[in-house]
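# Observations on the model geometry
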Amino acid sequence: MIRLFDSHCHLQDSRVLNVAPRLIKEALHTGVAHFAVNGVSEKDWHLVKEMSDTYPSVVPNFGLHPLFISDRTPDWLKTLKDFLAATPSAAVGEIGLDKGSKGKQIDFTDQVEVFRQQLQLAKELKKPASIHCVRAFGDLLEILKSMGPFPAGLVLHSYLGSAEMVPELSKLGAYFSFSGFLMSMKESKAKKMLKSIPRERILLETDAPDALPPKELTAADGNNSGEASALPENINYPANIHHVLAYVARLLETDEKELAELSYTNAVGLFSYEGSRLVQ
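Right, let's walk through the structure included here. (Residues numbered from 1 in each chain as written. Predicted model: local features only at pLDDT ≥ 70, side-chain atom pairs only at ≥ 80, totals over all residues. Heavy atoms only, no water.)

### Quick notes on the overall build of the protein
Of the regular secondary structure elements, the protein holds 11 helices and eight strands. For 280 residues, the compact-globule estimate of 2.2 N^0.38 gives 19 Å, and the C-alpha radius of gyration of the protein, at 17 Å, lies within 12% of that figure. Oriented by its inertia axes, the alpha-carbon framework of the protein measures out at about 45 × 40 × 40 Å. Counting only residues that meet the buried cut, the protein has 57% of its 280 residues in that class. (Helix = DSSP H or I, 4+ residues; strand = E, 2+ residues; numbered from the N terminus. Rg over C-alpha atoms; globule rule 2.2 N^0.38 Å. Buried < 20%, exposed > 50% of the residue type's maximum accessible area, 1.4 Å probe, protein only.)

### Looking at the side chain of S177
Here S177 shows up in strand β7 (residues 174-178). In this structure, S177 is in contact with S7, V155, L156, H157, S158, Y159, L203, L204 and E205, ignoring residues within four places of it in sequence. (Contact = heavy atoms within 4.5 Å.)

### Focus: the packing of aromatic side chains
For the coordinates displayed, the defined rule picks out six aromatic pairs. When the ring of F5 is compared with that of F271, the centres are 5.4 Å apart and the planes differ by 10°; the resulting orientation is stacked. In this pair, F5 sits in strand β1 (residues 4-9) while F271 sits in the segment after α11 (256-270), placing the two residues 266 residues apart along the sequence. The residues F5 and F271 share a single accessibility class, namely buried. We note K123 situated over the ring of F150; from NZ or CZ to the ring centre the distance is 5.2 Å. Across from the ring centre of Y175, 4.8 Å away, lies the NZ or CZ of R201, which sits over that ring. (Phe/Tyr/Trp six-rings, centres within 6.5 Å; stacked < 30°, edge-to-face > 60°. Lys NZ or Arg CZ within 6 Å of the ring centre and 35° of its normal.)

### Some remarks on the pairing of strand β4 (residues 91-98)
Along a regular strand, successive side chains alternate from one face of the sheet to the other. Within β4, eight of the eight residues are buried, which leaves it mostly tucked inside the rest of the structure. With two bridges connecting them, strand β3 (residues 58-62) and β4 associate as parallel partners. Bridging from a neighbouring strand, N61 pairs with A91 of β4. Bridge count for β4 against strand β5 (residues 129-134) is six bridges, and the pairing is parallel. Within β5, the residue paired with I95 across the bridge is I131. One crossover worth recording links β4 to the parallel β5 by way of helix α4 (residues 108-125), and it is right-handed. (Pairing = 2+ DSSP bridges. Right-handed = clockwise from strand over helix to strand, strands pointing away.)

### A look at the sheet that holds β7
Taking strand neighbours across the sheet as the criterion, the eight strands line up as β1-β2-β3-β4-β5-β6-β7-β8 in an open arrangement whose pairing is parallel. The outermost strands of the open sheet, each flanked by one partner alone, are β1 and β8 (202-204). The average angle at which neighbouring strand axes cross in this sheet is 30°, direction not considered. Relative to strand β2 (residues 32-38), β1 is paired through four bridges, and the arrangement is parallel. (Axes fitted to C-alpha atoms, helices over the stretch in contact; angles between N-to-C directions.)

### What about helix α1 (residues 20-29)?
Taken residue by residue, α1 has A20, L23, I24, E26 and A27 as its buried positions. Within α1, the buried residues cover an arc of 165° as seen down the axis, which keeps them to one side. Away from its buried face by more than 90 degrees, α1 exposes K25 and H29. Two residues or fewer past α1, G31 is found with a positive phi of approximately 105°. (Arc of directions from axis to C-beta.)

### So, the packing of helix α10 (residues 241-252) against α11
Taken N-terminus to C-terminus, the directions of α10 and α11 make an angle of 110°; their axes are 9 Å apart at the nearest point. Here α10 lies roughly perpendicular to α11, going by the angle between them. Across from L245, A246, V248, A249 and L252 in α10, the residues of α11 making contact are E256, L259 and A260. Looking at the contact of α10 with α11 residue by residue, the classes come out as seven nonpolar, no polar and one charged. (Parallel < 35°, antiparallel > 145°, perpendicular 65-115°, else oblique. Nonpolar A, V, L, I, M, F, W, Y, C, P; charged D, E, K, R; others polar.)

Take a look at the structure:
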């Protein structure tokens, strides 16, 4: 059986939390060996920690997502540091910048300040950080260049940036993670971008419960059984990483098993920092 690593998901999300145990079990059965579960605010960090304490396959990530910074408390950074100190197996995330329709409603100067603080923390702890970036790649690159490089690595999750930015981002320590959102990009552009990425920096993810692959793919899915089949039709789940694998492999014109092993090895290497349960 192939091995896969879901490099970015949110199984603590209220839309799937109650069925997460079954979704994890079903995904494990299809070859998904690890799940990098990302918190997004102070309100869900404890859920991520509880999930990682319960399931050895879960790699916890704690971070303040740009769309949730307005709800932060005055002590948010201390709380984040406390969670990371109490959970040596944890990385940083989800953090980032957003100038999309929702992000436009949140002060961008505020976003940048919160992002920089968390990036610095990840660098000090020598942990990778999982980054959300929507319509802000110029700003992102500027910040990363001013603070980098990042030898512990960065996950550019659900990457939809240009091929032209890949070399500079790679030099700074970025890995490029792909989800079902890639299928919304024009195929020729996606293919060009994928082929520009160094093979040792390719990751796969689901971003579950978001980034559901197109309905025509999931409707005839042999992995869609048990709890997954009972979910609302717009909800994504970790076993759908197989659709992402197939799509990326087709655009790269490479074998699925080869890409699965490559992305798995890349993710294990990235998440094998001091304290990680992946370190043998």
